[in-house]
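# Survey of secondary and tertiary structure
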Amino acid sequence: MPELVVDLWGDPTDPWSWLAKRRLEEAVARSSRPADVTVVHHTLPRAPLSAEELQRASVTARPDGLDITLAEPSRGDTRAASRLVALAHSLGGPPLQAALLERLFAAVFTEGADIASNPVLQRLAAEAGLDERRVGAVLASEELSDEVDADVALAAELGIEAPPFAVVGGRVGLGGVASVEDYLGRIESALETA
């Protein structure tokens with residue numbers, strides 16, 4: 001059976017992207033054929049949220065098991081983190097990408113980590129399972145910048161203006177944070193036609 005790819009654009013400093021990732025993962029797990037669904041992550045920078053929006057995200061995400069304790073929005077440059085998301089994909093595919101993003105989100109929103117700092121990124125990437133030497137080489141260069149630029153360009157081509165945004169099977173787009181049921185419905189419809 002053909003595999004269904006769900007592309008998810010997000011920003012590692014955006015709480016809505018974390019919530020979308022978690023809800024999409026739950027929808028995949030609840031789908032009729034979870035082994036046939038792969039989530040591929042793409043990064044897309046987002047303007048920093050206001051403190052009020054961050055608080056709203058914290059309240060909204062709590063029932064989903066996300067503990068957002070960050071009081072002030074993160075304002076650091078996420079380009080290096082985005083390059084590591086691309087590296088995770090090249091080293092271990094979507095599972096390693098998901099593990100890295102989960103570690104980055106937790107570090108930003110529950111630990112207040114500065115992911116604009118290369119030493120912090122080096123540690124977090126190692127904790128997520130990435131090869132430390134490869135991470136160091138990427139952080140010491142501009143390697144994988146083309147992949148990050150390609151993700152941003154593809155988002156623009158698809159009309160995606162801000163994360164989070166999911167594209168199911170290359171056809172169905174869901175902007176913002178959808179419910180688990182909405183993601184599940186789109187996945188099941190796409191699986192039927194795959």
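Before reading on, note that the structure itself is shown above.
Residues numbered from 1 in each chain as written. Predicted model: local features only at pLDDT ≥ 70, side-chain atom pairs only at ≥ 80, totals over all residues. Heavy atoms only, no water.

### Focus on helix 4 (residues 118–128)
The line we're drawing: Summary of the burial criterion: residues with accessible area below 20% of their type's maximum are buried, those above 50% are exposed, and those between are partly exposed, where the area comes from a 1.4 Å probe applied to protein chains only. Numbering of helices and strands runs from the N terminus, with a helix taken as a DSSP run of H or I at least four residues long and a strand as a DSSP run of E at least two residues long. The arc under discussion is defined with respect to the helix axis, by the directions toward the C-beta atoms.
What helix 4 keeps buried is the set Val120, Leu121, Leu124, Ala125 and Ala128. Seen from one end, helix 4 has its buried residues packed into an arc of 125°, which puts them on one side. Positive phi shows up at Gly129, right after helix 4, with a value of about 110°.

### As for the layout of surface pockets
Threshold: Any residue with an atom within 4 Å of a point lines the site, the site being either a cavity, points on a 1 Å grid over the protein atoms alone where a 1.4 Å probe fits but cannot get out, or a pocket, an open set with protein on both sides within 12 Å along at least 5 of 7 lines. Grid points are joined across faces, edges and corners, and a volume is the space filled by probe spheres set on the points. Note on residue categories: nonpolar means Ala, Val, Leu, Ile, Met, Phe, Trp, Tyr, Cys or Pro, charged means Asp, Glu, Lys or Arg, and polar means any other residue, Gly included.
Each pocket or cavity is described by its volume, and for the largest pocket that value is around 160 Å³. Around the largest pocket, the lining comprises 14 residues; the ones closest to its centre are Asp11, Pro45, Asp77, Thr78 and Arg79. Looking at the lining of the largest pocket, the elements that each hand over two or more residues are helix 3 (79–111) and helix 6 (145–157). Here the residues of the lining of the largest pocket are counted per class, giving four nonpolar, five polar and five charged.

### What about helix 7 (residues 180–193)?
Selection criterion: Multiply 1.5 Å by the residue count of a helix minus one, and that product is the helix's expected span. Between two residues, a contact is recorded if the distance between any of their heavy atoms is within 4.5 Å.
Taking 1.5 Å per residue, 14 residues should reach 20 Å; helix 7 reaches 20 Å between its end C-alpha atoms and fits that length. Taken residue by residue, helix 7 has Val180, Tyr183, Leu184, Ile187, Ala190 and Leu191 as its buried positions. Projection of helix 7 onto a plane perpendicular to its axis shows the buried side chains occupying an angular sector of 135°, all on one side. Exposed residues pointing more than 90 degrees away from the buried face of helix 7 are listed as Glu192 and Thr193. Residues of helix 7 that are buried in the fold lie against strand 1 (4–10), helix 1 (15–30), strand 2 (37–43), strand 3 (165–168) and strand 4 (172–175).

### A word on the side chain of Asp14
Here Asp14 shows up in the loop between strand 1 and helix 1. Every residue in contact with Asp14, bar those within four places of it in the chain, is listed here: Arg46, Leu49, Phe105, Phe109, Pro163 and Pro164.

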